[in-house]
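As a plain string of letters, each chain reads:
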Amino acid sequence: MKKSVLLLLVMFWFSTVAAAQGQQNLEIDISGMECKFCAHNVKNNLSKLDGVKQVTVDIDKGVASLVMAPGKQANVEHIKNLITKAGFTPGDVRMTEDTP
Ligand code: 9UX
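## Some points on the pattern of salt bridges
- Evaluation of the coordinates by the stated rule reveals three salt bridges.
- Among the ionic pairs, Lys72 bridges to Asp50, the shortest N-O distance being 3.6 Å. Of this pair, Lys72 sits in the loop between strand S3 (63-68) and helix H3 (76-85) while Asp50 sits in the loop between helix H2 (36-47) and strand S2 (52-58); the two residues are 22 residues apart in sequence, bridging distant segments of the chain.
- Assessed through its relative accessible area of 35%, Lys72 is described here as partly exposed.

The structure is reproduced here in structure tokens:
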């Protein structure tokens, strides 16, 4: 009886660890980017954030795409602040999560 409870606990622990290892992907609408230097500026700034694995910026669509390192949670307020400080206007944020 006690063994099965322990087994359940271990299984639960593994499942939460697996969930925490998921990879977060974000798309952020950004207005005000007019040329490739703007895009480069945004990309450089967002790349410095802790836990950010990859950043791509599409000027034509006005969208920045972020891939977070496994298990890292994006700080949306922080991301928006950086975009604002760089001189642009952040809009909608779309978030998806890949499970490994
Ligand atoms: Mo491009 Mo952006 O000449 O702030 S750098 S418009």
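## What about the site of the ligand?
- Around the ligand sit Glu34, Cys35, Phe37, Cys38 and Phe88, and that is every residue in its neighbourhood.
- Residue composition of the shell around the ligand, by class: four nonpolar, no polar and one charged.

## Regarding the environment of Val76
- Structurally, the position occupied by Val76 is in helix H3.
- Taking the C-alpha atoms as reference, Val76 lies 8.0 Å from Val93; in sequence the two are 17 residues apart.
- If we ignore the near neighbours within four places in the chain, the residues touching Val76 are Leu26, Val93 and Met95.

## Considerations on the sheet that holds S2
- Spatial ordering of the open sheet is given by S2-S3-S1-S4, a layout of four strands whose pairing is antiparallel. Of all strands in the sheet, those with a lone pairing partner are S2 and strand S4 (89-98), marking the two edges. Adjacent strand axes in the sheet meet at a mean angle of 15° when their direction is disregarded.
- In this sheet, S4 lies alongside strand S1 (residues 23-31) in antiparallel orientation, the contact comprising eight bridges. Residue pairing in the sheet places Ile30 in a bridge with Pro90 of S4.
- Set on the sheet, H2 makes contact with S1, S2 and S3; between it and S2 the angle comes to about 165°.

## Topic: the pairing of S1
- Direction of pairing for S1 relative to S3: antiparallel, over a ladder of five bridges. Pairing of Asn25 across the sheet is with Val67, part of S3.

Conventions we followed
Residues numbered from 1 in each chain as written. Predicted model: local features only at pLDDT ≥ 70, side-chain atom pairs only at ≥ 80, totals over all residues. Heavy atoms only, no water. Salt bridge = Lys/Arg side-chain N within 4 Å of Asp/Glu carboxyl O. Helix = DSSP H or I, 4+ residues; strand = E, 2+ residues; numbered from the N terminus. Buried < 20%, exposed > 50% of the residue type's maximum accessible area, 1.4 Å probe, protein only. Near = heavy atom within 4 Å. Nonpolar A, V, L, I, M, F, W, Y, C, P; charged D, E, K, R; others polar. Contact = heavy atoms within 4.5 Å. Pairing = 2+ DSSP bridges. Axes fitted to C-alpha atoms, helices over the stretch in contact; angles between N-to-C directions.

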